[in-house]
Amino acid sequence: MKLRPVLFRCIVTLGTLFAAGAASAKDLKVLCLGDSLTEGLGVAPDDAWPSVLEKELRAGAFPGIKLINAGISGATAASGPGRLKWHLKGEGKPDVLILELGANDGLRGQDVAAMKKALQEAIRAAKAASVKVLLAGMMVPTNYGKEYALRFEKTFTDLAKEEGVALIPFFLEGVAADPKLNQADGIHPNASGHKIVATTVKKHLEPLLTP
């Protein structure tokens, strides 16, 4: 039994649209906006977690995905909104934002409320541009007291709930304070540490890469 020409053309058209949609779902752009932990201070560019993760995702279900390493050493949360707005301009707008900022604020004992306000502004700018957000949670030592450390950590969980965005509970899970996975400064991951960070981020990022 032969299909009528009109019906056949409809089926072909639907198939083409489906294939195009499937391809575009894989050709995603992920902006990794962060500090030295994202930039990969002290390791080769290919060993920084954005590069490691991009390779892993491309080898799997997302062969066309691109992770943009927008890490700047020394950056604080205050830099987030302005830097993000620059990346949102033009046709290169990302599909997903991984927001990894705040560690330097905590290490310097800066005001937690000010940090939260800056991160919130960046998150809302991303949401307004229809960009999905993955917030990287941070922890700090108790150098400035236990109360400060608790308020600092809680800021990220509170923000994720208030803004309805995905959260990595602790960005350096399994890496922080391990001499084998960090450089001599005890703060920045070495190449092995970055591989673990990539695995952590991947677990929370993948659910955001599908419609």
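The coordinates are above.
Note that the structure is a prediction, hence the values are computed from the model and not measured.

Moving on: the packing of helix 6 (residues 112-128) against helix 7 (residues 146-163). Relative orientation of the contacting elements helix 6 and helix 7 amounts to 20 degrees, with a least axis distance of 10 Å. Regarding the angle of helix 6 to helix 7, the classification is roughly parallel. As helix 6 runs across helix 7, the sense of the crossing is right-handed. Residues V112, M115, K116, L119, Q120, I123, R124 and K127 of helix 6 pack against Y148, R151, F152, T155, F156, D158, L159, E162 and E163 of helix 7. Here the residues of the contact of helix 6 with helix 7 are counted per class, giving eight nonpolar, two polar and seven charged.

Counted by the stated rule, this structure contains four aromatic pairs. Ring geometry for W49 and F171: centres 5.7 Å apart, planes at 70 degrees, overall edge-to-face. Of this pair, W49 sits in helix 3 (residues 49-58) while F171 sits in the loop between strand 5 (166-168) and helix 8 (191-205); the two residues are 122 residues apart in sequence, bridging distant segments of the chain. A residue is classified by how much of its surface remains accessible, and F171, at 1% relative accessible area, is buried.

An ideal rise of 1.5 Å per residue puts 21 Å on 15 residues; helix 8 measures up with 21 Å between its terminal C-alpha atoms. Of all the positions in helix 8, only G193, H194, V197, A198, T200, V201 and L205 are classed as buried. Seen from one end, helix 8 has its buried residues packed into an arc of 165 degrees, which puts them on one side. Seen from the buried face of helix 8, the exposed residues on the opposite side, beyond 90 degrees, are K195 and K203. Residues of helix 8 that are buried in the fold lie against strand 1 (29-34), helix 2 (36-39), helix 3, strand 3 (96-100), strand 4 (132-136) and strand 5. Taking the backbone nitrogen of S192 as reference, a side-chain oxygen 3.1 Å away marks N190 as the first, capping residue of helix 8.

Rules behind the numbers
Each chain carries its own residue numbering, running from 1 in the direction its sequence is written. The predicted nature of this model means local features are confined to residues of pLDDT at least 70 and side-chain atom pairs, given and counted, to a pLDDT of 80 or more, with totals for whole chains, interfaces and linings taken over all residues. Based on all heavy atoms of the structure, the side-chain values leave hydrogens and waters out of the count. Axis geometry follows a simple rule: fit a line to the C-alpha atoms, using only the stretch in contact for helices, then measure angles between N-to-C directions, giving values from 0 to 180 degrees. Helix and strand definitions here come from DSSP, where helices need a minimum of 4 consecutive H or I residues and strands a minimum of 2 consecutive E residues; each element is numbered from the N-terminal end. An angle below 35 degrees is treated as roughly parallel, one above 145 as roughly antiparallel, one from 65 to 115 as roughly perpendicular, and anything else as oblique. By the definition used in this description, the sense in which the near helix is turned from the far one sets the handedness, with an anticlockwise turn below a right angle giving left-handed and a clockwise turn giving right-handed. Residues are treated as being in contact if the distance between any of their heavy atoms lies within 4.5 Å. Note on residue classes: Ala, Val, Leu, Ile, Met, Phe, Trp, Tyr, Cys and Pro are nonpolar, Asp, Glu, Lys and Arg are charged, and everything else, Gly too, is polar. In summary, the pairing rule links any two rings of Phe, Tyr or Trp, Trp by its six-membered ring, whose centres are within 6.5 Å, and it sorts them by plane angle into stacked for under 30 degrees, edge-to-face for over 60 and tilted for everything else. Each residue is placed in one exposure class: buried if its accessible area under a 1.4 Å probe, protein chains only, is under 20% of its type's maximum, exposed if it is over 50%, and partly exposed if it falls in between. Multiplying 1.5 Å by the residue count of a helix minus one yields the expected span of that helix. The arc under discussion is defined with respect to the helix axis, by the directions toward the C-beta atoms. Definition of a polar contact: a pair of N or O atoms within 3.5 Å, with one able to donate and the other able to accept a hydrogen when the atoms are protein atoms, and with sequence-neighbouring residues admitted only if both atoms are side-chain atoms.

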